[in-house]
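The chain contents come next:
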Amino acid sequence: MTTYRISQLAERSGVPATTLRFYETAGLLPAGRTASGYRVYGEDAVDRLAFITSAKLLGLALDEIRDLLEVREEGVCASVRARMLPLVAARIRETDGRVAELRAFSDRLGGVHTVLAEPAPDGACGPDCGCVSAPSATAAGPVPVTLSPTRPETTGPAASDSAATDSAATGPVAGGAAVSDVAAGDPVAGGEVWREAPVACTLDRTELSERTEQWRALVARAGRREEIDDGLRLSFPPDADLAGQIAALAAAEQGCCAFFDFTLHLTPDSLQLSVRAPESAAGVPAGLLGVPA
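Calculation criteria
- Residues numbered from 1 in each chain as written.
- Predicted model: local features only at pLDDT ≥ 70, side-chain atom pairs only at ≥ 80, totals over all residues.
- Heavy atoms only, no water.
- Helix = DSSP H or I, 4+ residues; strand = E, 2+ residues; numbered from the N terminus.
- Buried < 20%, exposed > 50% of the residue type's maximum accessible area, 1.4 Å probe, protein only.
- Contact = heavy atoms within 4.5 Å.
- Areas by Shrake-Rupley, 256 points an atom, 1.4 Å probe, with all protein chains shown as cover.
- Salt bridge = Lys/Arg side-chain N within 4 Å of Asp/Glu carboxyl O.
- Pairing = 2+ DSSP bridges.
- Expected span 1.5 Å × (residues − 1).
- Bend = angle between axes of the 7 residues up to and from the residue.
- Polar contact = N/O pair within 3.5 Å; in protein donor to acceptor, adjacent residues only side chain to side chain.

Can you walk me through the overall build of the protein in this structure?
Within the protein one finds ten helices and eight strands. Every one of the 293 residues in the protein was classed for burial, and the buried ones make up 34%. Taking the intrachain contacts of the protein between residues at least 6 apart in sequence as the baseline, contacts between residues at least 24 apart amount to 67%. Total accessible area computed for the protein in this model is approximately 16900 Å², and 54% of it derives from carbon and sulfur atoms.

Explanation requested: the pattern of salt bridges in the structure shown.
A pair can form between side chains of opposite charge whenever their charged atoms are brought close. Summed over the entire model, instances satisfying the criterion amount to ten salt bridges. Close ionic contact of Asp-261 with Arg-276 constitutes a salt bridge, the shortest N to O distance being 3.1 Å. Pair noted here: Asp-261 is in strand β7 (residues 261-266) and Arg-276 is in strand β8 (residues 271-276), with a separation of 15 residues, a long-range link. When salt bridges with common partners are traced through the structure, they connect Glu-24, Arg-33 and Arg-39 into a single cluster.

Explanation requested: the pairing of β8 in the structure shown.
Every other side chain in a regular strand lies on the same face of the sheet, so the side chains alternate between the two faces. Pairing geometry for strand β6 (residues 231-236) and β8, over six bridges, is antiparallel. Within β8, the residue paired with Ser-235 across the bridge is Gln-272. Where β7 meets β8, six bridges bridge the pair, whose relative direction is antiparallel. Bridge pairing in β8 places Thr-263 opposite Ser-274. Between β7 and β8, which pair antiparallel in sequence order, lie four residues.

Got a minute to help me understand helix α5 (residues 77-117) in this structure?
Taking 1.5 Å as the rise per residue, α5 with 41 residues should run 60 Å; its terminal C-alpha atoms sit 57 Å apart, in good agreement. At Met-84, α5 is deflected by roughly 25 degrees, the largest bend along its length, and proline Pro-86 occurs up to four residues later in sequence. Within the span of α5, buried status applies to Val-80, Met-84, Leu-87, Ala-90 and Arg-91.

Could you clarify how one ought to interpret helix α9 (residues 240-256) in this entry?
With 17 residues, α9 ought to run about 24 Å at 1.5 Å a step, and its terminal C-alpha atoms sit 25 Å apart, in line with that. Among the 17 residues in α9, 14 count as buried, and that is most of the element. With a side-chain oxygen lying 2.6 Å from the backbone nitrogen of Leu-242, the N-terminal cap of α9 falls on Asp-239.

Take a look at the structure:
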């Protein structure tokens, strides 16, 4: 029987190790443990991950995918198709609604473009100059737009994957150092670039939902939560493997939301995560971590 360690499965499937850990927590991908505590996956894990990835590309929610996996385990394709059919139909209806919104928004943009292409009035802008588009009863509502990344891709989630290991501890922590500080993001001597970063996220709706669940699965393990200047601090049991998971997730978060500042403080007695954001994003750390603001 073929088995995989987490690094082997990540390489074989193309799914980052941080995501594999989250899938286990979410009940999507079962994992056993070796005598030394390493995760080990069965030979069906690759096919199971392919199914999960395909379902995500269809826009299915994690609880829907979990239900589908339970049906799939029965080994009857017709049952899986019967369960998927209404889910896909619902995604079609949602997509059609978004297309209609985008078309209405495009029509409105076209009208503004026509006005702006006409000769400009003399003097300063006025109420009828066309630079200000007044709302109308038939105007489309807000349309979600995916923003361009604010940082190079090499500093995003992909770069963090290699930093997360399945080992219990490495480096100074394993050696028994009194204090180990790990900050996720671009270190800038004497500066706090996160305060000047745009308050924007590059994740789409499905990715954002998954990322939120990842954070809340980890936050559920926190024993203490307290407010600090510009953010929050969470206290966890002192565990090097947990520290690695949090650090990897924090680095991934900075890849899409560069305005966050994460600091992880690990000692033999405690593990603390501090999350800060600029004043313009007040309350966002609490929303990310599922903590009442």
